[in-house]
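# Reading the structure
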Amino acid sequence: MGWGIELWDQYENLATHTQKGIDFLDRYGNFIRDRSAIEVEYAGKLRRLVKNYQPKKSKEDEENEFSSFQAFKCVLKEVADLAGQREVVAENLQLQVLQGISLLAKNLRDERKKSLNDGALRTQNLTSQIAALERAKRNYEKAFREAEKSIESYQKADADLNLSRAEVEKQRNNMNIRCGQSEDAKNEYANQLQKTNKLQQTHFETSLPEVFNRLQELDEKRTRGLKEFIKGAADVESAVAPIIARCLEGMVKAADAINEKEDSLKVIEKYQSGFQPPGDLPFEDLSKADSDTSNNSQNYTSTSGLNHLTAKGTTTNKLKKRVGLFGIFASNKKIVEACIQVKNNLSTDGMKEDFSDLPPTQRRKKLQQKVQELQQKVAQEQAASEGLMKMKGVYEANSLLGDPRSVEDQLNESVNKLDKLRMELQRYQKLLDQANSQTIVQHSPQANRVIHNGQRSSRHSNGSNHDHHHDDHGDDHPDHDAGSLSSSSASPESGLGTSHTSLPGSGQGSTNDQPINDEMYFEAEALPPLGTCKALYPFDATSEGSIPMSEGEELLVIELDQGDGWTRVRRLCGPNGWEEGFVPTSYIESTLYA
C-alpha cells in the first residue's frame, strides 16, 4: 500500500501533511533544546546550593569531628556530583540528539521541496497537454460546423436551376476545402487526444506515484528519526543513571555512618571542663551571726563594714559614687608588671600561651594539640636541615656544583630555628605532663559561692584564700579572697564606692583608717575569665567603675551578675594590657566556659 496508488488525487493534502511532520520534528528539537537549558540551570542551582551550604573553614574546624557533620559534607559532595551528571545529560542531549534533529529536519525539508517541485512540474505538463487537447477539440468542432454549412450551401446551389454552373462549381470547391479542413482538425484532435491520454496515464500511474512515494519515504524517515531520537534521549539519561545511583548510595552510606553515641562522646570530650560538681551549700544560721562576727572580727571587718555601708547607702544615698577599679591600684607597680606579663603571655587568639585560662580538660586538649603541632614543625625543620647538610656535602665534594658557603647561612638559621622549636616543644611537653599529673578536684568558678554576713561574693575556682604563687615558668596564678570588689549588691551607678573613702574605716576624718592590702586587691584584679560576652547594644560609661562598649564588641566575663544588674568584664587593651569595669547585664549576651 503506497501513497502513489492510494492517494493519487491527494497532492495538496500530502504536501500539507509532510510540512506538518517536519514542523513537529522541529518542535521536538525545541523541546530537547529547552530541556537541555533546564538541565544546565538545574545543575547550576545545585552547585550554587552546595556552595551556599558548604561549611565555612573555621580556624579550628572543630565541628568536623562529628559524624553528622561529616555525613552532611558527603551529601554535599554527592549533590555536586549529581550536578555534574545533569550537565553531562544536557551536553549529550545537545550533541547527540539536538544536532541530529536539526540536520534531519534540514534534509527532509530539502527533499520535500525537491519532490514537490518535481510533482508540480509534472502536473503542469499534464495540464498543458490537456489544454492543447481542448484547443484541438474546439478547432475540430469549428471546422466540422463550417464543413456542414459548406455542404448544405453546395446542395442548395446544385438544386437551384437559376444559378450558373460556375457558381455551383464554386460552392462545390468551397465544400471540398471545408471538408478537408474539418478532416485535418479531426486528425489533430485525435492525435492530441491520444497524446493526452498517454501522458495522463503515465502521470497518474508512474510520475505522480513516484513523487508521492518519495514523500511517503520522507515522512517515514522523519517518523523513524523521531523514534531514534526519543530512544537516544532516554539512552543519554540511562548512561548517567548508574553514576546517579552511586551518588544516592553514597548519601545512604553517609547517613549510615552517623553515630549518635560517638557524637555524644565527642561533645563530652569537646566541652568537658574537668571540674567537679559543687558541694552542698552550708546552712547559714542568722541567730549566730553576731557571735560569729564577734569571734572573727579581724577576718570579716572589711566585709561587715562593707555590708554596713551597703545598707546605709541604699537607704540614704549619701555615699559618694565609687571610683574606678584602676584608681585603687594605680600606685601599685605590681599591677602594671602583672598586666604586662599577662599581655605577653597571650597568644594571637586571646588565650594564654600555656592555656592556663582554660578548664583543666580543655587545657590538656589544647596542650596536646600544641605538642603535636610542634612535633610536626620539628620534623619538617629537621628534614630541611638534613637536606641543607647533604647539599653542603655535595658542594664540598664537587665545587663546580656550588659554593658550600652559600648554604651555611641557611643551615645556621635552620639549626637555630630547630633549637627554638625543640625548646618550645620541651616546654609544652612539660606543661602537658604537669596537667596530666594533676588530680582534678576543682569546682567550676561560677559554682563556688560563699556567704559572709548575708553578702554574696565570688571565690576563685580552687577556693583558696592564700597569696598567689609561681609555677616553673614564673607565671602568676592568684587565688582570690572570698569577697571580691564587685561582689557588692550595688551597681556602679548606685553610689556605693569602692574607693578608699567608701571602705570601712576610711570615712572623712576617721581615726580608724586601715591600710589597704595591695596584694588582696591585685588578686581581685587578676580574676580568671569565666567566659566571653558580646555587646548587644552600645553603652556609654556615665560613672567611674563602669566602662563603655560598642555594639558587637567581644569582652571577657570575669565576674557574674550578683543580682544588681551589672556584670564585670575585661577588655584586652589599654596601656596596662587590659581594662576592667562593669557593664549592664541586659546589654550583653554571655557565653560561659563549661
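Each value, and the rule that gives it
- Residues numbered from 1 in each chain as written.
- Predicted model: local features only at pLDDT ≥ 70, side-chain atom pairs only at ≥ 80, totals over all residues.
- Heavy atoms only, no water.
- pLDDT = per-residue confidence, 0-100.
- Helix = DSSP H or I, 4+ residues; strand = E, 2+ residues; numbered from the N terminus.
- Contact = heavy atoms within 4.5 Å.
- Axes fitted to C-alpha atoms, helices over the stretch in contact; angles between N-to-C directions.
- Parallel < 35°, antiparallel > 145°, perpendicular 65-115°, else oblique.
- Nonpolar A, V, L, I, M, F, W, Y, C, P; charged D, E, K, R; others polar.
- Phe/Tyr/Trp six-rings, centres within 6.5 Å; stacked < 30°, edge-to-face > 60°.
- Buried < 20%, exposed > 50% of the residue type's maximum accessible area, 1.4 Å probe, protein only.
- Pairing = 2+ DSSP bridges.
- Salt bridge = Lys/Arg side-chain N within 4 Å of Asp/Glu carboxyl O.
- Left-handed = near helix turned anticlockwise from the far one by under 90°.
- Lys, Arg positive; Asp, Glu negative; His and termini not counted.
- Core = buried A, V, L, I, M, F, W, Y, C linked by side-chain atoms within 4.5 Å.
- Patch = residues over 30% accessible without salt bridge, like charges linked within 9 Å, V, L, I, M, F, W, Y side chains within 5 Å.
- Areas by Shrake-Rupley, 256 points an atom, 1.4 Å probe, with all protein chains shown as cover.

Here we take up the confidence of the model for the protein. Averaged over the protein, the pLDDT score is 75; the fraction of residues at 70 or greater is 72%. The weakest mean pLDDT in the protein belongs to strand 1 (residues 449-452) at 36; the strongest belongs to helix 2 (residues 11-53) at 93. In this model, residues 294-336 is a region of pLDDT below 50 whose contacts with residues beyond four sequence positions or in other chains number 73 contacts. Ignoring residues within four places in sequence, the model shows residues 439-525, a span with pLDDT below 50, making 219 contacts including any to other chains.

Before going further, it helps to examine the packing of helix 3 (residues 67-159) against helix 4 (residues 165-256). Where helix 3 contacts helix 4, the two axes come as close as 6 Å, and the packing angle between them is 175°. With respect to their mutual orientation, helix 3 and helix 4 come out roughly antiparallel. Counted by class, the contact of helix 3 with helix 4 contains 46 nonpolar, 24 polar and 21 charged residues.

A few words now on the packing of aromatic side chains. Here the structure, examined in full by the defined rule, presents 7 aromatic pairs. Ring centres of Y140 and F144 lie 6.2 Å apart, and the angle between their planes is 40°; on these two criteria the pair is classed as tilted. In this pair, Y140 and F144 are both assigned in helix 3, 4 residues apart and thus about one turn of the helix distant. Relative accessible area serves as the criterion here: at 39%, F144 is assigned to the partly exposed category.

What follows covers the pairing of strand 8 (residues 579-584). Burial analysis of strand 8 places 5 of its 6 residues in the buried class, which makes it a mostly covered element. As judged from the 6 bridges shared by strand 7 (residues 566-571) and strand 8, these two strands associate in the antiparallel manner. Within strand 8, the residue paired with R568 across the bridge is F582.

What follows deals with the sheet that holds strand 8. Sheet architecture is open: 5 strands sit in the order 8-7-6-5-9, paired in antiparallel fashion. A single partner strand is all that each edge strand has here, and the edge strands are strand 8 and strand 9 (588-592). Neighbouring strand axes in the sheet, compared pairwise and without regard to direction, differ in orientation by 40° on average.

When charged atoms on two side chains of opposite charge get close, those side chains can pair. Applying the stated rule across the entire model yields 27 salt bridges. For D219, the salt bridge identified is with R222, shortest N-O distance 3.0 Å. A residue pair is termed a helical-turn pair when its members lie 3 or 4 positions apart in one helix, as D219 and R222 do in helix 4 at 3 residues. Residue D219 is classed as buried on the basis of its relative accessible area, which comes to 8%. The closest approach of N and O atoms between E580 and R570, which form a salt bridge, is 2.7 Å. Of this pair, E580 sits in strand 8 while R570 is found in strand 7, placing the two residues 10 residues apart along the sequence. One exposure class covers both E580 and R570, and it is buried. Each of the salt bridges in this network shares a partner with another, and the network as a whole consists of R35, E39, R86 and E237.

Take the packing of helix 10 (residues 360-397) against helix 11 (residues 408-437) next. Taken N-terminus to C-terminus, the directions of helix 10 and helix 11 make an angle of 160°; their axes are 8 Å apart at the nearest point. On the basis of their axis angle, the class for helix 10 and helix 11 is roughly antiparallel. Both helix 10 and helix 11 take part in a crossing whose hand is left-handed. Split by residue class, the contact of helix 10 with helix 11 holds 16 nonpolar, 8 polar and 10 charged.

Next up on the list: the side chain of E78. The residue E78 is located in helix 3 in this model. Notably, E78 is buried but unbridged: the nearest opposite-charge side chain belongs to K77, and the N-O separation is 4.8 Å. Residues in contact with E78, not counting those within four places in the same chain, are R246, C247, G250 and M251.

A few words now on the nonpolar core. Core analysis: the biggest nonpolar cluster contains 29 residues, and L25, Y28, I32, L93, V97, I101 and F229 have the highest contact counts within it. Breaking this core down by element, the ones donating at least two residues are helix 2, helix 3 and helix 4. The element that contributes the greatest number of residues to this core is helix 3, accounting for 13 residues. Not counting the four nearest positions on each side in its chain, V97 is found in contact with I32, N92, F229, G232 and A233. Within the second largest apolar cluster, 14 residues are counted, among which are F539, L560, V569 and I588.

Our next topic: a nonpolar patch on the surface. On the surface, a nonpolar cluster with roughly 300 Å² of combined accessible area is contributed by L49, Y53 and F72. Within the element layout of this structure, F72 appears in helix 3.

Glancing now at the environment of G225. Following the sequence through the fold, G225 ends up in helix 4. The buried category is assigned to G225, whose relative accessible area is 11%. Counting along the chain gives 120 residues from G225 to A105, while the straight-line C-alpha distance between them is 9.6 Å.

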